[in-house]
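Next come the chains, spelled out residue by residue.
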There are 2 protein chains.
Amino acid sequence: MNPILQVLLFVALVTLASKGAGLLSSRFGQPAVFGEILAGLVLGPSLLNILNWGIFAPRSGIEGLHADLSGVVQTLAEIGVILLMFVAGMETDLGEMRRVGRVAFWAAFGGVILPLGSGAAAAHLFGYGWGEGFFMGAVLTATSVSISAQTLMELKALRSKEGSTILGAAVIDDVMGIIVLSLVVAFAGHAGPQRAAGAAVLWVCVRMTLFFSLAWFVGRRYFEPAAAVATRLGVSEPLMAFVVAAVFLYAWAAEYLGGVAAITGSYLAGVLFGQTSFKERIDRGVHPLTYSFFVPVFFINIGLRADVRQIAGDLPLVLFVLAVAVLGKVIGCGACAWLSGFRYREALRRGLRPGAWHHRCRHLLGDGARGPDHHDDHAGLAALRHSPGAGGRDAGAFRVGGPPGAPG
Amino acid sequence: MNPILQVLLFVALVTLASKGAGLLSSRFGQPAVFGEILAGLVLGPSLLNILNWGIFAPRSGIEGLHADLSGVVQTLAEIGVILLMFVAGMETDLGEMRRVGRVAFWAAFGGVILPLGSGAAAAHLFGYGWGEGFFMGAVLTATSVSISAQTLMELKALRSKEGSTILGAAVIDDVMGIIVLSLVVAFAGHAGPQRAAGAAVLWVCVRMTLFFSLAWFVGRRYFEPAAAVATRLGVSEPLMAFVVAAVFLYAWAAEYLGGVAAITGSYLAGVLFGQTSFKERIDRGVHPLTYSFFVPVFFINIGLRADVRQIAGDLPLVLFVLAVAVLGKVIGCGACAWLSGFRYREALRRGLRPGAWHHRCRHLLGDGARGPDHHDDHAGLAALRHSPGAGGRDAGAFRVGGPPGAPG
């Protein structure tokens, strides 16, 4: 079949499957996103493996013009999560976010330190060296911002006090995770002097700071007047064209210039556009096709890239690391949120934030389940399995290189 | 750069370039689409060749997960034209279309017969055999429905009497063109008996008829109730998800089952959804991202796939064929529209329909400038240039095979 026909058929099936599964999931009192990811697992290599069916197989022969279906789906999924985080950014209540900022920061801090330490200890227990252990721990610090955001939006809790804290902490967590990961890589992987490793980490922090300040400044000062000019232009959808270009440029700059995840950039663009007077119009324009086309592809794609059967052999380790990861996050975030002023129940809710569970699973399933920002690192068990036995301190064996990004 | 970062940067640039060029074009009193295609030519291999710039070059190495930028852009462009034709279908005034149906049919007929004959004669004049000549003529019968539709929508003339005739004729023309092309291929290319060639052409007609009747029946009977059910489902954007799935399935079925162009399928889906009571809501949902993201990529991509410099050597032939093509269409459509009841000025307008000129250019630029339905045939001068000299009757040399499709 022609590549474009494959894409059309595939997207149609994915859209129907994802909405059907989401519906079923919400009938059982679960968030729709849970069903959508599950549908992806069913369609993926774990069970049906539809990308390998004859009708979806790459056409052999002289066709050089088109990309193969799997690559196209990956790209659409990554555009999907970037748009999803943009919508989440627009939904964010900046005032509430500022009020809970301190709690969110400490919750994120606790959610980084405890999983890092306990992950390293757990890996050490299973016979890996401390170098690999800390890498494992660094992987466990990551939070799936996109799944957290989606679940909060479904629960209509994104603008609540808890919702703001959770999302704020998830975003801060992503940034902290990158710093931790670059620390681990720098000090475990560098053959050179410690000073060079320190300089590398410093450079990561400088790039981040520059990106965030510049992006914030530009957005606050120019988005409103630029959008106002755009609406008056005599072409079709001028405002939306400006928004699409700005969001994609922010996402690009976040990863390419700032060294953080692309979705962090589109989230920031969303927060900034959410402050303009065009917020409602932009949301009405972006939401329909994003949630009927791109986002279903993103959630289904998570399952398509994961193979549950691959980890069956490592089951004891998987379950143990899963337990450590979940407990580490719940206790780490919860305790720090409690210490910094949340009441007991709120703090527990913070620890048990949605996305934490799903995300653990995603990461443990290995390098396939990656966001648009995970091109350069290798995650979870897959990394440990590929490592050269225990005791080595060569982080290069983990295939970490280039600017590390946080998971989508 | 990571593949997804390339896509983000590229789409942002394309969106800005296309809207800027469209704006400039409308300042000069031209349709915006003219400027957008021109911008594509400037960015393409004719001048700047941005897809070959270092930042957009495919990343060499182990990255197997992603498609290269060029393939992704091609796919996004093809989704773009499918959505564009869906919007055009929803805009179509079915009552007016029915009233002008007879005129549209004869205009399309004239616009197929005269270019076919004069194209064959012109090629013969330049020393090609009649077999190649008729293939050349068959190529000239094609009309760019998408550009016609877009220009009519910009002029807000799609629902007028002339607009309905033009678009109706363009769609009929596409279907007629496929029949003519399959006739030419069957009788010029078949080594076997004439009866087999006749059966092949008959099969093309049967598939078309089956597809159109079934698609019409399903859409008329089930789109309204199914959309009504969808709106009540408790997932995000259920109506839009249903529409996206239906449009993509119609586009897929049109080409895969019906043997016509995928855009004909999405146009038909648009006409059918335009009859439902959800028309306004669907249009509000589809239009913003379609015209800020997908359609700019489509129009820019036309230019990206064409290389003006390649045809510089054949300039006399190019200009002559261009003149024959334009005159053939204008006189053929105009005369038949006049004969079947249009007044003189209307008939001339019909002959000089927008899109005809652009389309001629697209086709003469060769096989690069193709719609989502041109995977299997090879168009225009490129075909003639690749043919084995004059006089041969082997249509296989034109690389025509599989179900031929009409241009986008």
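The residue numbering used here restarts from 1 in each chain and proceeds along that chain's sequence as written. Labels are handed out in written order, letters beginning with A for the chains and numbers beginning with 1 for the ligands. Two thresholds apply to this predicted model, a pLDDT of at least 70 for residue-level local features and 80 or more for giving and counting side-chain atom pairs, whereas whole-chain, interface and lining totals are computed over all residues. Based on all heavy atoms of the structure, the side-chain values leave hydrogens and waters out of the count.

Visitor: Pulling in residues and values, what's your account of the overall build of chain A?
Guide: Numbered from the N terminus, helices here are DSSP runs of H or I no shorter than four residues, and strands are runs of E no shorter than two. When its secondary structure is counted, chain A shows 16 helices and zero strands. Burial classes: relative accessible area under 20% of the type maximum marks a residue as buried, over 50% as exposed, and values in between as partly exposed (1.4 Å probe, protein chains only). Of all 408 residues assigned to chain A, the portion counted as buried reaches 62%. By sequence separation, contacts in chain A at least 24 residues apart represent 78% of the contacts at least 6 residues apart. For chain A, the accessible area works out to roughly 15,300 Å², and carbon and sulfur atoms hold 66% of it. Every residue pair with non-hydrogen atoms within 4.5 Å of one another is taken to be in contact. Each accessible area is a Shrake-Rupley estimate made with a 1.4 Å probe; only the visible protein chains count as cover when residues are assessed.

Visitor: If you had to explain the environment of A:Trp130 to someone new, which residues and values would you point to?
Guide: Residue placement: A:Trp130 occurs in helix H6 (residues 130–140). Judged by its relative accessible area of 43%, A:Trp130 is partly exposed.

Visitor: Let's hear about the relation of the copies chain A and chain B: which residues, and what values?
Guide: Think of it as a corkscrew move, a rotation about one axis and a shift along it, taking one chain copy to the other. Copy-to-copy superposition: least squares on the C-alpha atoms, limited to residues that have pLDDT of at least 70 in both copies. Under the fitted operation, chain A is carried onto chain B by 0.0 Å of movement along the axis and a turn of 180°, and the coordinates agree to an RMSD of 0.0 Å. When the rotation and shift are considered jointly, the pair of chain copies conforms to a two-fold rotation axis. Taken together, the interface assignments show that 100% of the residues at the interface of chain A recur at the interface of chain B, consistent with an identical surface on both copies.

Visitor: Go over the packing of aromatic side chains with me, naming the residues and quoting the values.
Guide: Pairing of aromatic rings covers Phe, Tyr and Trp, the last through its six-membered ring, and needs centres within 6.5 Å; plane angles under 30 degrees mean stacked, over 60 mean edge-to-face, and all others mean tilted. If you walk through the whole model with that rule in mind, you get 33 aromatic pairs over all chains. Aromatic pair A:Phe105 and A:Trp106: ring centres 5.3 Å apart, planes at 85°, arrangement edge-to-face. Residue A:Trp106 is classed as partly exposed on the basis of its relative accessible area, which comes to 37%. Aromatic side chains B:Trp130 and B:Phe134 sit 6.1 Å apart centroid to centroid with 40° between the ring planes, which places their arrangement in the tilted category. A residue pair is termed a helical-turn pair when its members lie 3 or 4 positions apart in one helix, as B:Trp130 and B:Phe134 do in helix H6 (residues 130–140) at four residues. On the accessibility criterion, B:Phe134 (35% relative accessible area) is partly exposed. Members of the aromatic cluster, connected to one another through ring pairs, are A:Phe248, A:Phe293, A:Phe294, B:Phe248, B:Phe293 and B:Phe294.

Visitor: Outline the nonpolar core, supporting the account with residue identities and numerical values.
Guide: We define the nonpolar core as a collection of buried residues of types Ala, Val, Leu, Ile, Met, Phe, Trp, Tyr and Cys that are connected through side-chain atoms lying within 4.5 Å of one another. The biggest cluster of nonpolar side chains holds 185 residues, and the ones touching the most others in it are A:Phe248, A:Phe273, A:Phe293, B:Phe248, B:Phe273 and B:Phe293. Not counting the four nearest positions on each side in its chain, A:Phe248 is found in contact with A:Ile79, A:Ile82, A:Leu83, B:Leu8, B:Val11, B:Ala12 and B:Phe293.

Visitor: Residues and numbers for the side chain of B:Asn2, please.
Guide: Checked against the element boundaries, B:Asn2 lands in the segment before helix H1 (3–27). A polar contact is formed between the side chain of B:Asn2 and the side chain of A:Glu255, at a distance of 2.9 Å. Residues adjacent in sequence count toward polar contacts only when both atoms are side-chain atoms; beyond that, a polar contact is any pair of N or O atoms within 3.5 Å, and within protein one must be able to donate a hydrogen and the other to accept it.

Visitor: Before we move on, can you summarise the interface of chain A and chain B with the specific residues and values?
Guide: Contact residues are listed per partner, giving 60 residues for chain A and 60 residues for chain B. Buried area adds together the accessible area that both of two parts lose upon being put together, with accessible area traced by a 1.4 Å probe. Around 5,500 Å² of area is buried between chain A and chain B when both sides are counted, 76% of it from carbon and sulfur atoms. The term salt bridge refers to a side-chain nitrogen of Lys or Arg lying within 4 Å of a carboxyl oxygen of Asp or Glu. Remark: the boundary between chain A and chain B carries zero salt bridges. Inspection of the chain A/chain B interface yields six residue pairs in polar contact (both at pLDDT 80 or more). Put simply, Ala, Val, Leu, Ile, Met, Phe, Trp, Tyr, Cys and Pro go in the nonpolar bin, Asp, Glu, Lys and Arg in the charged bin, and everything else, Gly too, in the polar bin. Residue composition of the side of chain A that touches chain B, by class: 35 nonpolar, 16 polar and nine charged.

Visitor: Tell me about H6(B), and name the residues and values.
Guide: Burial analysis of H6(B) places nine of its 11 residues in the buried class, the great majority of the element. Those residues of H6(B) not exposed but buried are B:Gly131, B:Glu132, B:Gly133, B:Phe135, B:Met136, B:Gly137, B:Ala138, B:Val139 and B:Leu140.

Visitor: Could you give me a rundown of the pattern of salt bridges, with the residues and numbers involved?
Guide: Evaluated as defined, the whole model comprises six salt bridges over all chains. One salt bridge in this structure joins A:Asp307 and A:Arg309, with 3.8 Å as the shortest N-O distance. For A:Asp307, a relative accessible area of 17% puts it in the buried group. Residue classification places A:Arg309 among the exposed positions, given a relative accessible area of 55%. One salt bridge connects B:Asp173 with B:Lys329, and the closest N-O pair in it is separated by 2.4 Å. Residue B:Asp173 is located in helix H8 (residues 161–189), and its partner B:Lys329 is located in helix H13 (residues 315–339); the two are separated by 156 residues in the primary sequence. Relative accessible area serves as the criterion here: at 1%, B:Asp173 is assigned to the buried category.

Visitor: Now, about unusual backbone geometry: what can you tell me, with residues and values included?
Guide: Residue and element names in this part refer to chain B. Positive phi values are uncommon outside glycine, yet Asn 49 reaches one of about 55°. Relative to the helices and strands, Asn 49 resides in the loop between helix H2 (32–43) and helix H3 (69–91). Its relative accessible area of 24% is what places Asn 49 among the partly exposed residues. We note that Lys 156 has phi near 55°; this positive angle belongs to a residue other than glycine.

Visitor: Account for a nonpolar patch on the surface, with residues named and values stated.
Guide: Residues enter a patch when their relative accessible area is above 30% and they make no salt bridge; the linking distance is 9 Å between like charges and 5 Å between nonpolar side chains (Val, Leu, Ile, Met, Phe, Trp, Tyr). Nonpolar side chains collect at one region of the surface, where A:Val42, A:Leu47, A:Leu48, A:Trp53, A:Ile55, B:Tyr256 and B:Leu257 lie side by side and expose about 630 Å² of accessible area between them. Among the secondary structure elements, A:Trp53 is positioned in the loop between helix H2 (32–43) and helix H3 (69–91).

Visitor: Can you break down the packing of H2(B) against helix H7 (residues 145–154) of chain B residue by residue, with the values?
Guide: Residues and elements named next belong to chain B. Note on definitions: angles span 0 to 180 degrees between N-to-C directions of axes, and those axes are lines fitted to C-alpha atoms, for helices only across the stretch in contact. The N-to-C vectors of H2 and H7 enclose an angle of 135°; their axes lie 9 Å apart at closest approach. As the angle between them shows, H2 and H7 are arranged oblique. Across from Ala 32, Val 33 and Ile 37 in H2, the residues of H7 making contact are Ile 147, Gln 150, Thr 151 and Glu 154. A class-by-class count of the residues in the contact of H2 with H7 yields four nonpolar, two polar and one charged. Orientation is classified from the angle alone, with under 35 degrees giving roughly parallel, over 145 giving roughly antiparallel, 65 to 115 giving roughly perpendicular, and any other angle giving oblique.

Visitor: Which residues make up a positive patch on the surface, and what values do they have?
Guide: A cluster of basic side chains, namely A:Arg281, A:Arg284, B:Arg281 and B:Arg284, defines a positive patch on the protein surface. For the positive patch, the secondary-structure elements that each account for two or more residues are helix H12 (279–304) of chain A together with helix H12 (279–304) of chain B. Tracing the backbone through its elements, the reader meets B:Arg281 in helix H12. Look at B:Arg281 and you get partly exposed, because its relative accessible area is 44%. Under the counting rule used here, the positive set is Lys and Arg, the negative set is Asp and Glu, and His together with the chain ends is not counted. Here the site of a charge means NZ on Lys, CZ on Arg, CG on Asp, or CD on Glu.

Visitor: Go over the environment of B:Gly137, please, and point to the residues and values.
Guide: Residue and element names in this part refer to chain B. In this structure, Gly 137 sits in helix H6. For Gly 137, a relative accessible area of 0% corresponds to the buried category. If we ignore the near neighbours within four places in the chain, the residues touching Gly 137 are Pro 115, Leu 116, Gly 119 and Ala 120.

Visitor: Break down the state of the cysteines for me, citing the residues and quoting the values.
Guide: The disulfide criterion is simple: two cysteine sulfur atoms within 2.5 Å. This model, assessed by the stated rule, comprises zero disulfides over all chains. The thiol of B:Cys336 is not disulfide-bonded; the next cysteine sulfur, from B:Cys333, is found 7.7 Å away.

Visitor: Can you lay out the confidence of the model for chain A for me, pointing to particular residues and giving the numbers?
Guide: Residues and elements named next belong to chain A. Looking at chain A as a whole, the pLDDT averages 79, with 80% of positions reaching at least 70. For every residue, the predictor assigns a confidence score, pLDDT, that lies between 0 and 100. Least confident of the elements in chain A is helix H16 (residues 380–386), whose mean pLDDT is 38; most confident is helix H10 (residues 238–256), at 96. Confidence over residues 354–408 falls short of pLDDT 50; this stretch has 155 contacts with residues more than four positions distant or in other chains.

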